[in-house]
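For reference, the chains in residue letters:
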Amino acid sequence: MTAPLVLVPSYRLASGRVEGWTVGAHAVPEPYVAALERAGGHALAVPATRGSSAPEVLDRVDGLLLIGGGDVEPGRYGGAPHERIYGVDAERDALEIALVREAVGRRLPVLAICRGAQVVNVAFGGTLLPHLPDDPRFRAHGSPPAPNGSTHQVSVAAGSALGSACGSAALVCSSRHHQGIDALGSGLVVTATSRDGLVEAVEGRTGWLLGVQWHPEDTADRDPGQQALFDAFVREAARPRA
Ligand code: MN
């Protein structure tokens, strides 16, 4: 059997972000690729440009992985500008939102990480909290974009796709996000929360759609409970579809 092919929209890196390059780049950080490959899948990185069309690229793949990145443009969810919003890429927002809707319509499995989980929520009409540290309840979630060693526990809902993937009721998670899910998108269910009550995972009611607010790829090489999310996703991607 050939390895399931997983579409991964890439980050746009500005000129100077790659050493020795004077031009920009499109990139997918290695830990995502490594976690997919350990699960038996292959990553197909696709740059988000004006020319990218969600239906066309989804025709060629078995699943969709949305990775971390800058903030979703607040106008996408009726939000106001905020001085701490960073890294907005309107073309990436447009492509990823279209991809999520199209993938769910086709029953393609979707794993969405950090920014990805926020994109899923926005794609289904939900809203985001613009900057968690504005609220003293939410101080344990680290700060993007650099990994800064922040970890916290999440409680996993019994009977959820997340619970059946990781096989436990709690996970220790690498966390670096300054935004979070506020109003839940329609058709989504919350399947993990942190102790402060923040939404940490959402799932769809049909098909296999899992969004997690933490970074399973950060610790998947040493935490089987985190690698299990990629394993379950790639198993779904390998399933024959009608
Ligand atoms: Mn968190």
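Below: a short report on this structure.

1. A look at the overall build of the protein
Then, in step 1: The number of helices and strands found in the protein is seven helices and 13 strands.
Then, in step 2: Relative to the globule expectation of 18 Å for 242 residues, the C-alpha radius of gyration of the protein, 17 Å, shows essentially globular dimensions.
Then, in step 3: In terms of overall dimensions, the protein has C-alpha extents of about 50 × 50 × 35 Å along its principal axes.
Then, in step 4: A buried classification covers 50% of the 242 residues belonging to the protein.
Then, in step 5: For the protein, contacts bridging at least 24 residues in sequence account for 68% of all contacts bridging at least 6.
Then, in step 6: For the protein, the separation between the mean place of its 21 positive charges and that of its 26 negative charges on side chains is 3 Å.

2. Quick notes on the pairing of strand β13 (residues 209-212)
Then, in step 1: Here β13 shows two buried faces, one formed by Leu209 and Gly211 and the other by Leu210 and Val212.
Then, in step 2: When strand β6 (residues 110-113) meets β13, the two strands line up parallel, connected through four bridges. What sits directly across from Leu111, in β13, is Leu210.
Then, in step 3: As judged from the three bridges shared by strand β12 (residues 199-204) and β13, these two strands associate in the antiparallel manner. Of the residues in β13, the one forming a bridge with Ala201 is Val212.
Then, in step 4: In textbook terms, the turn of a hairpin is the stretch between consecutive antiparallel strands, and for β12 and β13 this stretch comprises four residues, one of which, Gly207, has a positive phi near 70 degrees.

3. Section: the coordination of the manganese ion
Then, in step 1: The coordination sphere of the manganese ion, as far as protein atoms go, consists of His141 (ND1), His152 (NE2), His177 (NE2) and Glu200 (OE), spread over 2.2 to 2.3 Å.
Then, in step 2: Sequence positions of the donors to the manganese ion reduce to the motif H-x10-H-x24-H-x22-E. Here His141, found in the loop between β7 (128-129) and β8 (151-156), pairs with His177, found in the loop between β9 (170-174) and β10 (180-181); they are 36 residues apart in sequence, far enough to count as distant. Of the two residues examined, His141 and His177, each falls in the buried class.

Calculation criteria
- Residues numbered from 1 in each chain as written.
- Predicted model: local features only at pLDDT ≥ 70, side-chain atom pairs only at ≥ 80, totals over all residues.
- Heavy atoms only, no water.
- Helix = DSSP H or I, 4+ residues; strand = E, 2+ residues; numbered from the N terminus.
- Rg over C-alpha atoms; globule rule 2.2 N^0.38 Å.
- Buried < 20%, exposed > 50% of the residue type's maximum accessible area, 1.4 Å probe, protein only.
- Contact = heavy atoms within 4.5 Å.
- Lys, Arg positive; Asp, Glu negative; His and termini not counted.
- Charge placed at Lys NZ, Arg CZ, Asp CG, Glu CD.
- Pairing = 2+ DSSP bridges.
- Donors = N, O, S within 2.8 Å, 3.2 Å for Na, K, Ca; no water.

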